[in-house]
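# Summary of the model geometry
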Amino acid sequence: MVRRPSRQTVVVLSALAADPATWRYGYELGQEVGLKAGSLYPILMRLCDRQLLEHAWETDAPPGRPPRHLYRLTAAGVRFAAETAPVPPHDPVKDLMKSPVKGPASPLAQAGELRSAW
Amino acid sequence: MTRAEGEVPAGPRAGGGAPADLAGRLLGWAVRLLPPAGRREWGRAMQAELAQIESAAERRRFALGCMRASLTQPRLLVAAGYPSLMLGAIAGTVVWTGRVTYAPLRAGLIGLVAILLALSWLARRPGVFGPVAEGLAARLVRVGGYLLVGASAVLTIHSLRLATNSLPEKAGTGVPIITTVLVLYTVAFVTVTARGSAAGMRVLAIGGGCGVAAAVACLVPVLVFPPLPVSSAWAIAAIATAGCAAALISVSRSNRSGDAGRPALTGVAGVAGKSDLAGRTGPVGQSLIALLCAATVAALLIFVYVDVLLQFFPHWVPDTSPVNVPAANRLDNNRRGAEDPYFAILLMGGLLAATLSTVIIATRRPQPGRPEPLQPGAPSPPDLLAHEWTHG
């Protein structure tokens, strides 16, 4: 059984899954998701250990600079990211605004029923 | 743009860079903390990222983060955790025995803990004592044995640290004896559960299970009907019952599976598995190991709970003092009188433990990569032993 990933891991997975074909640098990825190296690298290591993330070394590094490590999700990683993607937060007001008010089955009508039940 | 995985480029400073600043040096230390197998590559990745960062403050933050990542690697934590635990136990003993006024007694108590810790450290290294065999039963017997020996050591320190009389006798005789006995138990628990031990998982499960069952079965009436019996005959009976039951169960199980000397795949409660390679002893040898294991476990467990009851629950201390002993001294006197027969139980268990260790060392399987010196064509002592047990 796969253990449910931490919130921080889900954030990293979501950032990588946004463009799964693109190789990403560790430092930029950390800045994008707001994680420091102390949190990011253990997550990347674990994802690699579980073969959800592949990594490679940059081959066209500018002269005088060492090649950097690059990361992207594997096919299994993309699937896992989709499974663990955070559900957008439920906003009842927005839901009500979106829902057409017609008939007693609408959320607004249900809300009214609930209010009267109080 | 990318290089294949596994092809690790040269380090970040391969091209010859400027001397490392504080962040670079910090990250260098962090990388050295990473285990070489599988993780060192990550260190080079961190160093390459650092080389892209210009701001000094940001470089420091990044290097500190990488240091945190290195320090929290599970392998490092496990590697550092055990020595820390040992040092903590020694430090705790030093502090706890701070009120012992007689220095040789204090040194003896600290030495007791240090020797037991050294044995447990040796038991993690390849050799006669370790590492622990693969299998739940081996781990349970070893951990249970450590807990019982540790509890005995704690009870000993607790009873001696506030002692005020006969201190030279306690330091010169009592502590060395208890240290020797606890060492015998520890050696038995680590040798019988070590990787090269001839004791199969099934035998360990039977031995450990019977020992615990017999001791716990005797605890129930003791708890229900205080105080503790003055005589320890009931404890001797329980130890004998545990040993006999373990031997009989072991024989019946080996008869059922055909051959105890073969890997037992139909073990007790699923603990026997493919790691059960008790190939150095026959069914009788395995039964003997089960018997000794059960009796050793039962003896130590009985001693531990009896000592807990005597030290912390006065209601369970039998009144054996003569009528002329004043009330103020009565409990201490009763306690000393009650302890003696149960200390004999501990000593008896120590002898059983020594016998168990001897049998296990004599029948030990050679470890891969460590061939035992043998005369060409001559059967090894374990083979001879197995032959004697199997064929009478």
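Here the structure is a predicted model, which is why all the values come from computation and not from measurement.

## Quick look at the overall build of chain B
When its secondary structure is counted, chain B shows twelve helices and one strand. For chain B, restricting intrachain contacts to residue pairs at least 6 apart in sequence, the fraction spanning at least 24 positions comes to 77%.

## Quick word on the packing of helix α6 (residues 136-160) of chain B against helix α8 (residues 201-224) of chain B
Residue and element names in this part refer to chain B. Interhelical geometry of α6 versus α8 gives an angle of 40° and a closest axis separation of 8 Å. Relative to α8, the element α6 lies oblique. In this structure, α6 meets α8 at a crossing whose hand is left-handed. For the pair α6 and α8, contact is made by A137, A138, L140, V141 and G144 and by M201, L204, A205 and G208, respectively. Class assignment of the residues belonging to the contact of α6 with α8 gives a composition of seven nonpolar, two polar and no charged.

## Brief notes about helix α7 (residues 167-192) of chain B
Across its 26 residues, α7 of chain B extends 36 Å between first and last C-alpha, which sits within 8% of the 38 Å expected from 1.5 Å per residue. Its axis deflected by about 30° at G174 of chain B, α7 of chain B carries its strongest bend there, up to four residues before the proline P176 of chain B.

## Notes on helix α4 (residues 75-84) of chain A
All names here are of chain A. Of the residues making up α4, those classed as buried are G77, F80 and A81. End-on, the buried residues of α4 take up no more than an arc of 100°, which puts them together on one face. The exposed set on the far side of α4, more than 90 degrees from its buried face, consists of A75, A82 and E83. Against the buried residues of α4 lie α1 (7-17), α3 (37-49), β2 (53-58) and β3 (69-73).

## A look at the nonpolar core
Of all hydrophobic cores here, the largest spans 81 residues; its most connected members are A246, A294, A298 and I302 of chain B. Counting residues per element, this core draws most heavily on helix α10 (residues 283-312) of chain B, which supplies 20 residues.

## Concerning the confidence of the model for chain A
In this model, chain A carries an average pLDDT of 77, and 70% of its residues clear a pLDDT of 70 or more. Counting interchain partners and residues more than four positions distant, the pLDDT-below-50 stretch residues 99-118 of chain A has eleven contacts.

## Focus on unusual backbone geometry
Put simply, P226 of chain B and P227 of chain B share a cis peptide bond, and its omega is 0°. Here P227 of chain B lies in the loop between α8 and α9 (233-257). Of note in the backbone geometry, Q51 of chain A takes a positive phi value of approximately 60° without being a glycine. Positioned with a positive phi, S166 of chain B is a non-glycine residue whose angle comes to about 55°. On the basis of neighbour count, S166 of chain B is assigned to the exposed category, with 11 C-beta atoms found within 10 Å.

## Remarks on the confidence of the model for chain B
Residues and elements named next belong to chain B. Residue-level pLDDT values for chain B average 82, and 81% of them are 70 or greater. Averaged over each element, pLDDT in chain B is lowest for helix α12 (residues 381-391) (38) and highest for α7 (95). Note on residues 259-279: pLDDT is under 50 here. Beyond four places in sequence and across chains, it has 55 contacts. If you check the scores for this complex, the pTM reads 0.62 and the ipTM reads 0.72.

## Things to note about the environment of L112 of chain B
Residue and element names in this part refer to chain B. Assignment of secondary structure puts L112 in helix α5 (residues 103-122). Owing to 23 C-beta atoms within 10 Å, L112 belongs among the buried residues under this scheme. Apart from the residues within four sequence positions on either side, L112 is in contact with A153, V175, I178 and T179.

## Focus on the packing of α6 of chain B against α7 of chain B
Residue and element names in this part refer to chain B. Running from N to C, α6 and α7 cross one another at 170°; their axes reach a closest spacing of 9 Å. One element, α6, and the other, α7, form an angle in the roughly antiparallel class. In this structure, α6 contributes V141, R142, G145, Y146, V149, S152, A153, T156 and L160 to the contact, and α7 contributes K170, I178, L182, Y185, T186, F189, V190 and V192. In terms of residue class, the contact of α6 with α7 is built from eleven nonpolar, four polar and two charged.

## Concerning the pairing of β3 of chain A
Residues and elements named next belong to chain A. Within β3, four of the five residues are buried, leaving the element largely enclosed by the surrounding structure. Strand direction decides the pairing type here: strand β1 (residues 24-25) and β3, joined by two bridges, are antiparallel. What sits directly across from R24, in β3, is Y71. Summarising the sheet, β2 and β3 pair through five bridges and their orientation is antiparallel. When the sheet's bridge partners are listed, H55 is paired in β3 with Y71.

## Examining the environment of A17 of chain A
All names here are of chain A. With respect to the helices, strands and loops of the structure, A17 is situated in helix α1. Using a count of 18 C-beta atoms within 10 Å as the deciding quantity, one classes A17 as partly exposed. For the pair A17 and A81, spaced 64 residues apart in sequence, the C-alpha to C-alpha distance is 6.5 Å. When residues no more than four places from it in sequence are discounted, the contact partners of A17 are L73, V78, A81 and A82.

Quick notes on the rules
- Per chain, residues are indexed from 1 in the order of the written sequence.
- Chain A is the first chain written and ligand 1 is the first ligand written, with later ones labelled in order.
- The model is predicted, so local features are restricted to residues of pLDDT at least 70 and side-chain atom pairs to those at 80 or more, both for listing and for counting; the totals for chains, interfaces and linings are taken over all residues.
- Secondary structure elements follow DSSP: runs of H or I no shorter than four residues count as helices, runs of E no shorter than two count as strands, and numbering proceeds from the N terminus.
- Any two residues are considered in contact once their C-beta atoms, placed from the backbone, lie within 7 Å.
- Throughout, an axis means a line fitted to C-alpha atoms (over the contacting stretch in the case of helices), and angles, computed between N-to-C directions, take values from 0 to 180 degrees.
- Any angle between 65 and 115 degrees counts as roughly perpendicular, while under 35 counts as roughly parallel, over 145 as roughly antiparallel, and the rest as oblique.
- Each crossing is labelled by how the near helix is turned from the far one, with a counterclockwise turn of less than a right angle marking it left-handed and a clockwise turn marking it right-handed.
- The classification used treats Ala, Val, Leu, Ile, Met, Phe, Trp, Tyr, Cys and Pro as nonpolar, Asp, Glu, Lys and Arg as charged, and all other residues, Gly among them, as polar.
- What a helix is expected to span follows from its residue count: subtract one and scale by 1.5 Å.
- What the bend at a residue measures is the angle between two axes, fitted to the seven residues ending there and to the seven starting there.
- The burial criterion counts other C-beta atoms lying within 10 Å of a residue's C-beta, which is placed from the backbone; the residue is buried at 20 or more, exposed at 12 or fewer, and partly exposed between these limits.
- This arc describes the spread of directions from the helix axis toward the C-beta atoms.
- In this usage, the nonpolar core is the set of buried Ala, Val, Leu, Ile, Met, Phe, Trp, Tyr and Cys residues whose C-beta atoms join them within 7 Å.
- Residue-level confidence of the predictor, termed pLDDT, takes values from 0 up to 100.
- Two strands qualify as a pair provided DSSP detects at least 2 bridges between them.

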